[in-house]
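Report on the structure
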Amino acid sequence: RNFKRQMECRSDIERLNAPFLAIYESLIPAEEEKTKQKQLLTSLEKLVNKEWPKAQLFLYGSCANSFGVSRSDVDVCLAIDDTETSKSEILLKLADILQSDNLQNVQALTRARVPIVKLMDPVTGISCDICINNVLAVVNTKLLRDYAQIDARLQQLAFIVKHWAKTRGVNETYRGTLSSYAYVIMCIHFLQRRKPAILPCLQGMETTYAVTVDDIECSYFDRVENLRNFGSQNKESIAQLVWAFFDYWAYRHDYANAVISVRTGSIIRKHEKDWTRRIGNDRHLICIEDPFEISHDLGRVVDKYSIKVLREEFERAANIMQYDPDPCAMLFEPY
Ligand code: ATP
Ligand code: MG
């Protein structure tokens, strides 16, 4: 199927801009929602600081990375400098505190891959996950937010891709498809590779921001206000980009050998990373390098069944973008 390459983009592609932009706009969260999230964070901070005066709370994930659609859950990281107490004990203690403050459905998931406390705030209706000391997630949230400042087309493309993935059922890591985070990384990489480029490679530029987290050095150029015109040589519209994104993942990506890398702004080889064979549960069937944790393949959740599902969905989307008279309706048709 790799030989079946599409040629040129349909000639009426530009008429799809308005409907895609309308979908994008309908997904943007209302200001009111942001205010409620801040309120929730403030009240959580008060509760937490009664028990741990020095602890801090950080938002991460889609409520802080500019890729959150409306009614997303809030991801919170509790940064706490307590080497005496185990993570599980902290989580259980935290769950206790939250429970006695009328928050609903409080649950400590101490055995999850990323242990969290889940809760629902009855006042705002917002659901929230709190993890402990997941500083890397806070840093990659900043990287994504910084990329989003450079060119508006990133946020538009990522909202459309995330919306597509959710409605088509391919945004479910527990079923072997990709996380929202992985889809945003795919969008950033795709825009870095356009000709002319729409996004730069921030980690390849002069360092203006650096932190070390769990022995991983995270550094990049974060003065993105100086890069607002970066992509202006490239005039591609959102409809063209959505078309090209699915065309790439359906027909052009070299699944056998290639790793996409936002860190380098290029494609690297599986060989270079020793991602050529299955090790444990990591199969490397679609390779997406994490920008900071470079031994981490964001595609590692994908197995031999879900890779088929995923590639068929990319092909379906590419074909709809190429041939369907009403792509906006078909693309987001629930599966
Ligand atoms: P959604 O709107 O679907 O909730 P999200 O951006 O919150 O999207 P998640 O996939 O739930 O996406 O991830 C939340 C955050 O956790 C990400 O922004 C990222 O910081 C971190 N994260 C998620 N998955 C990974 C991963 N595999 N490796 C490293 N960090 C991850
Ligand atoms: Mg989230």
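Looking at the overall build of the protein chain
Tallying secondary structure elements over the protein chain gives ten helices and ten strands in all. The C-alpha atoms of the protein chain give 21 Å as radius of gyration, which agrees with the globular expectation for 335 residues (20 Å, within 12%). Judged by the C-alpha coordinates and their principal axes, the protein chain covers about 60 × 45 × 45 Å. Buried positions account for 54% of the 335 residues belonging to the protein chain.

A closer look at the sheet that holds strand 1 (residues 56-60)
Strand order in this open sheet of five strands is 1-2-5-4-3, and the pairing throughout is mixed. Because the sheet does not close on itself, it has two edges, and the strands there are strand 1 and strand 3 (104-109). Going across the sheet, the axis of each strand differs from the next one's by a mean of 20°, ignoring polarity. Of the pairings in the sheet, the one linking strand 4 (residues 116-120) to strand 5 (residues 127-132) comprises five bridges and is antiparallel in character. Following the sheet pairing, methionine 120 is matched in strand 5 by serine 127.

Examining the domain arrangement of the protein chain
Annotation of the protein chain at the domain level lists domain 1 (13-26 + 151-331) and domain 2 (31-136). A separation of 28 Å is found between the C-alpha centroids of domain 1 and domain 2. Buried area between domain 1 and domain 2, both sides added, is near 860 Å², and the carbon and sulfur share of it is 72%. When the area that domain 1 buries against domain 2 is broken down by residue, the three leading residues are Phe159, Lys162 and Val213, summing to 46%. Joining domain 1 to domain 2, the criterion identifies zero salt bridges. Our count for the domain 1 to domain 2 interface comes out at two residue pairs in polar contact (both at pLDDT 80 or more).

The rules we used
Residues numbered from 1 in each chain as written. Chains lettered and ligands numbered in written order. Predicted model: local features only at pLDDT ≥ 70, side-chain atom pairs only at ≥ 80, totals over all residues. Heavy atoms only, no water. Helix = DSSP H or I, 4+ residues; strand = E, 2+ residues; numbered from the N terminus. Rg over C-alpha atoms; globule rule 2.2 N^0.38 Å. Buried < 20%, exposed > 50% of the residue type's maximum accessible area, 1.4 Å probe, protein only. Pairing = 2+ DSSP bridges. Axes fitted to C-alpha atoms, helices over the stretch in contact; angles between N-to-C directions. Domains from an automatic or database assignment. Buried area = accessible area lost by both parts, 1.4 Å probe. Salt bridge = Lys/Arg side-chain N within 4 Å of Asp/Glu carboxyl O. Polar contact = N/O pair within 3.5 Å; in protein donor to acceptor, adjacent residues only side chain to side chain.

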